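Coordinate inspection notes
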Amino acid sequence: MSSSPPYNKLSYYTFGTPNGLKPALILEELGLKYDSHQVNIMKNEQKEPWFLDINPNGRIPALKDGDLRVFESGAIMLYLTDMYDKEKKFTYEYGTDLYYEMLSWVMFQMGGIGPMQGQANHFRLMAPVYDTYGMKRYIDETKRLISVLEIRLSKADWLAGDKYTIADMASWAWVKGAPSVDIDMSEFPGVERWIKRIAERPATEKAKTATGALPDDKMKEMFDGMKAKMDAKKDEAK
Ligand SMILES: N[C@@H](CCC(=O)N[C@@H](CS)C(=O)NCC(=O)O)C(=O)O
């Protein structure tokens with residue numbers, strides 16, 4: 001084995017969540033060979049010592065390439081394109097204007113959409129109490145971030161330059177789920193078109209399967225049930 005990556009021995013640790021889906025999208029778009037491991041976060045497997053050796057933060061996703069570990073979904077996507085997308089099909093040449101435009105959108109997702117929509121999900125779907133303030137704060141901020149995507153996607157097909165890149169994959173994995181926190185996507189027609197465009201790619205379907213995510217209709221059913229339970233908590237509090 002050579003002493004610097006790539007090692008062509010990829011193992012991906014994931015679960016059927018938006019962060020788990022992001023790197024699966026690029027793995028599948030690049031047609032890479034990898035072992036996929038489900039880490040069941042409902043059973044707290046992400047906190048087990050064997051997994052903390054791969055991701056000390058105890059969260060999915062994580063990647064191993066031989067003995068090398070990479071954690072944080074954004075870092076994994078960058079690693080995969082750096083090492084395995086030599087033709088720059090889903091990234092741009094390092095050091096170019098477009099590379100930094102793409103990186104900016106990746107970071108926008110990592111620092112904005114992911115954490116904010118994650119909190120919106122928490123307050124709308126699973127908090128132990130009905131918290132109007134928390135719910136409104138994070139749903140409003142998620143909407144604001146989606147409106148930033150809309151500025152770009154109302155006049156372009158893709159976030160960075162003229163091709164589908166990891167910047168689109170990162171945000172798509174989250175934003176497609178915004179209706180589950182009651183966000184009306186018809187307010188964002190450019191984003192809606194982009195969601196559909198990415199959903200129709202064959203690699204997208206393969207990636208969803210690789211993470212073990214529920215089919216879309218089952219996922220909607222599950223979220224509708226969670227919302228109904230949360231709404232009942234509001235009525236109980238009255
Ligand atoms: N910033 C991290 C976030 C990872 C994350 O929040 N993963 C969630 C699933 S989407 C998780 O593992 N949750 C279980 C836990 O927090 O213990 C990344 O992008 O990889």
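Because the structure is predicted, anything quoted here is derived from the model rather than measured. (Residues numbered from 1 in each chain as written. Predicted model: local features only at pLDDT ≥ 70, side-chain atom pairs only at ≥ 80, totals over all residues. Heavy atoms only, no water.)

For the rest of this paragraph, the subject is the site of the ligand. The ligand sits among T17, N19, I41, Q46, K47, G58, R59, I60, P61, E72, S73 and M110. The contact in question runs from an oxygen atom of the ligand to an N or O atom on the side chain of Q46, over 2.7 Å. The contact in question runs from a nitrogen atom of the ligand to an N or O atom on the backbone of I60, over 2.8 Å. Relative to its free-state accessible area of 520 Å², the ligand is covered by the protein chains to the extent of 79%. (Near = heavy atom within 4 Å. Polar contact = N/O pair within 3.5 Å; in protein donor to acceptor, adjacent residues only side chain to side chain. Areas by Shrake-Rupley, 256 points an atom, 1.4 Å probe, with all protein chains shown as cover.)

Further remarks concern the side chain of K227. Take K227: it is sitting in helix α9 (residues 216–237). Judged by its relative accessible area of 11%, K227 is buried. Reaching out from K227, the side chain makes a polar contact with the backbone oxygen of S180 at a distance of 3.3 Å. Setting aside residues no more than four positions away along its own chain, K227 makes contact with R124, L125, P179, S180 and D182. (Helix = DSSP H or I, 4+ residues; strand = E, 2+ residues; numbered from the N terminus. Buried < 20%, exposed > 50% of the residue type's maximum accessible area, 1.4 Å probe, protein only. Contact = heavy atoms within 4.5 Å.)

Here we come to the packing of helix α3 (residues 73–84) against helix α6 (residues 166–175). For the pair α3 and α6, the least separation of the axes is 11 Å and the interaxial angle reads 150°. The orientation of α3 with respect to α6, classified from their angle, is roughly antiparallel. The handedness of the crossing between α3 and α6 is right-handed. For the pair α3 and α6, the contacting residues are M77, L78 and T81 in the first and I166, M169 and A170 in the second. (Axes fitted to C-alpha atoms, helices over the stretch in contact; angles between N-to-C directions. Parallel < 35°, antiparallel > 145°, perpendicular 65-115°, else oblique. Left-handed = near helix turned anticlockwise from the far one by under 90°.)

This paragraph deals with the pairing of strand β2 (residues 34–38). With five bridges connecting them, strand β1 (residues 10–14) and β2 associate as parallel partners. Residue pairing for β2: L10 is matched across the bridge by Y34. Between the parallel pair β1 and β2, the chain is carried across by helix α1 (residues 18–29), and the sense of this crossover is right-handed. (Pairing = 2+ DSSP bridges. Right-handed = clockwise from strand over helix to strand, strands pointing away.)

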